[in-house]
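Here are the chains, one letter per residue:
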Amino acid sequence: PSALRSLFLDTVPVRYSDIGGQASTIQKLRECIEWPLLHPDAFERLGIRPPKGVLLYGPPGCSKTLLVRACATESGVNFMAVKGPELLNKYVGESERAVREIFAKARAASPSIIFFDEIDALATSRSGSDSGGGSHEGVLTSLLNEMDGVQELVGVTVVAATNRPDAIDSALMRPGRLDRILYIGPPDLEGREEILRIRTRKMKVAQDLDIAELARMTDGCSGAEISALCQEAALLTMKKDIDAPLVPYESFLVAARNLKKQITPEVKAQF
Ligand code: ATP
């Protein structure tokens, strides 16, 4: 049986229109993911090397995963997602085999994207081995070997994401590996308005909902927190009245006031 069976995430297609406030990142992602996969001839014609891999970094909940999934959907390429820590919870040698298998599958399914979420788990500085059995070093080496297999890796783009860019082994970021690095930060005012609009699109909400005010109140929040706020507003409403026909503005205000922001100044200072 495949060592990977349990590693792939269930995926509901995400579109660019599901993502608020990330227009310029989407454009950059298209250049370094979509162009090499769908227009390799253009790079060849103009005599430049397409980017091989992309590292996305930034605070938690700021749509890294969402962006890569949307990029795969919109460009119509295959998508494989693997979480770093899941690769490590394996017997000796199993993790390396899993890495080889991922790349083999991605090549067979090209054009394709391999997404390594929480890459820091396996790419963390190569000292000592993991007490859990598989060693970080072995996994990292396999990963680098696969990425360096220049010829065969045509039609496969590797995207990795992390909240801890400082913890990543610099060998991963050499040219020809993760050679594009993009910061994905928390949304600005306009971005937060967009996210609020997207998240309330499918909800039944009061007519007088003041999106602009909610966007101002959520300064410093991640997309994930804004999304959770909308959920919380609906739950508060249900708690008061399980038959409520819609979510009143007041519930959003209460949820916004109760919000504990994850991206504190200390967290932000890390990036
Ligand atoms: P982590 O670093 O914690 O893995 P992440 O940066 O990968 O987080 P996502 O998993 O993409 O973040 O986002 C978490 C959830 O937050 C998404 O599934 C979505 O519901 C919501 N969300 C985040 N950013 C946005 C956004 N820009 N527009 C709409 N929804 C968003």
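Residues numbered from 1 in each chain as written. Predicted model: local features only at pLDDT ≥ 70, side-chain atom pairs only at ≥ 80, totals over all residues. Heavy atoms only, no water.

**As for the overall build of the chain**
Put simply, the test is: Numbering of helices and strands runs from the N terminus, with a helix taken as a DSSP run of H or I at least four residues long and a strand as a DSSP run of E at least two residues long. Between buried and exposed lies partly exposed: a residue is buried under 20% and exposed over 50% of the maximum accessible area for its type, with that area taken using a 1.4 Å probe on protein chains only. Here, residues are in contact when the closest pair of their heavy atoms is within 4.5 Å. Reported accessibility uses the Shrake-Rupley method at a 1.4 Å probe radius. Residues are deemed covered only where the shown protein chains occlude them.
In terms of helices and strands, the chain carries twelve helices and five strands. Dimensions of the chain along its principal axes, counting C-alpha atoms only, are 60 × 50 × 40 Å. When each of the 271 residues of the chain is scored for burial, the buried share is 47%. The contacts of the chain with a sequence gap of at least 6 include a subset with a gap of at least 24, amounting to 80%. With an accessible surface of roughly 13700 Å², the chain has 51% of that area assigned to carbon and sulfur atoms.

**Examining the sheet that holds strand 3 (residues 112-117)**
To summarise the sheet geometry, strands pair through backbone hydrogen bonds and adopt either a parallel or an antiparallel arrangement. Heads up, the rule is: At least two DSSP bridges between two strands are needed for those strands to be called paired. Note on method: axes are straight lines fitted to C-alpha atoms, helices fitted across the in-contact stretch only, with angles between N-to-C directions ranging 0 to 180 degrees.
Spatially, the five strands line up as an open sheet ordered 2-3-4-1-5, and their pairing is parallel. Of all strands in the sheet, those with a lone pairing partner are strand 2 (78-83) and strand 5 (180-183), marking the two edges. When strand polarity is set aside, the average angle formed by the axes of neighbouring strands in this sheet is 20°. Contacting strand 1 (53-57), strand 2, strand 3 and strand 4 (156-162), helix 3 (residues 64-75) runs over the sheet at an angle of about 170° to strand 3.

**Observations concerning the packing of helix 5 (residues 94-108) against helix 7 (residues 136-148)**
Heads up, the condition is: Note on terminology: angles under 35 degrees are roughly parallel, angles over 145 are roughly antiparallel, angles of 65 to 115 are roughly perpendicular, and the others are oblique. Crossing handedness is read from the near helix: turned anticlockwise from the far helix by less than a right angle, it gives a left-handed crossing, and turned clockwise, a right-handed one. Under the scheme applied here, ten amino acids are nonpolar (Ala, Val, Leu, Ile, Met, Phe, Trp, Tyr, Cys and Pro), four are charged (Asp, Glu, Lys and Arg), and all others, including Gly, are polar.
Remark: helix 5 packs on helix 7, axes separated minimally by 8 Å, with the N-to-C direction vectors making an angle of 25°. Our classification of the angle between helix 5 and helix 7 gives roughly parallel. When the axes of helix 5 and helix 7 are compared, the crossing they make is right-handed. On helix 7, the residues that touch Ser95, Glu96, Val99, Arg100, Phe103 and Arg107 of helix 5 are Gly138, Val139, Ser142, Leu143, Glu146 and Met147. Within the contact of helix 5 with helix 7, the residues separate by chemical class into five nonpolar, three polar and four charged.

**Side note on the packing of aromatic side chains**
Which entries qualify depends on this criterion: Stacked, tilted and edge-to-face are the three classes applied to pairs of Phe, Tyr and Trp rings, where Trp contributes its six-membered ring and a pair requires centres within 6.5 Å; stacked means planes under 30 degrees apart, edge-to-face means over 60, and tilted covers the rest.
Applying the stated criterion to the full structure yields five aromatic pairs. Relative to Phe115, the ring of Phe79 has its centre 6.3 Å away and its plane inclined at 25°; by these criteria the two rings are stacked. Linking Phe79 in strand 2 with Phe115 in strand 3, this pair joins segments that are 36 residues apart in sequence. Counting every residue linked through ring pairs, the aromatic cluster contains Tyr57, Tyr183 and Phe271.

**Section: the pairing of strand 3**
By the criterion of burial, strand 3 is predominantly enclosed, with six of the six residues buried. Here strand 3 shows a buried face lined by Ser112, Ile114 and Phe116 and a second buried face lined by Ile113, Phe115 and Asp117. When strand 2 meets strand 3, the two strands line up parallel, connected through six bridges. Its bridge partner lying in strand 3, Val82 is registered against Phe116. Of the strand pairs in this sheet, strand 3 and strand 4 are connected by five bridges, and their pairing is parallel. Paired with Phe115 across the two strands is Val159, which belongs to strand 4.

**Looking at the side chain of Ser75**
Rules: In protein, a polar contact requires one atom able to donate a hydrogen and another able to accept it; more generally it is a pair of N or O atoms within 3.5 Å, and residues adjacent in sequence count only if both atoms are side-chain atoms.
Residue position: Ser75 is located in helix 3. Ser75 gets classed as buried once you look at its relative accessible area, which sits at 9%. A distance of 2.4 Å separates a polar side-chain atom of Ser75 from the backbone oxygen of Cys71. Other than its neighbours up to four places away in sequence, Ser75 contacts Glu34 and Leu38.

**Considerations on the pattern of salt bridges**
The test is simple: The working definition used for a salt bridge is a side-chain nitrogen of Lys or Arg within 4 Å of a carboxyl oxygen of Asp or Glu.
One pass over the full model with this rule turns up 14 salt bridges. Two residues, Glu118 and Lys83, come together in a salt bridge whose shortest N-O distance is 3.5 Å. Taken together, the positions of Glu118 in the loop between strand 3 and helix 6 (120-123) and Lys83 in strand 2 put the pair 35 residues apart, joining distant regions of the chain. Judged by relative accessible area, which is 26%, Lys83 ranks as partly exposed. For Arg177, the salt bridge is made with Asp148, and the minimal N-O distance between the two is 2.7 Å. Of this pair, Arg177 sits in the loop between strand 4 and strand 5 while Asp148 sits in helix 7, and the two are 29 residues apart along the sequence. Within the structure, one salt-bridge network assembled from shared partners comprises Lys83, Asp117 and Glu118.

**A few points about the site of the ligand**
Basically, it comes down to this: Each residue is tested against the molecule or strand, and it is near if at least one of its non-hydrogen atoms lies within 4 Å.
Looking at the ligand, there are 17 residues lining it, with Gly20, Gly61, Thr65, Leu66 and Asn163 nearest. Here an oxygen atom of the ligand sits 2.6 Å away from a polar atom, N or O, in the side chain of Thr65. For the ligand, an oxygen atom lies 2.9 Å from a polar atom in the side chain of Asn163. Notes on the ligand: free accessible area 630 Å², of which the protein chains cover 79%.

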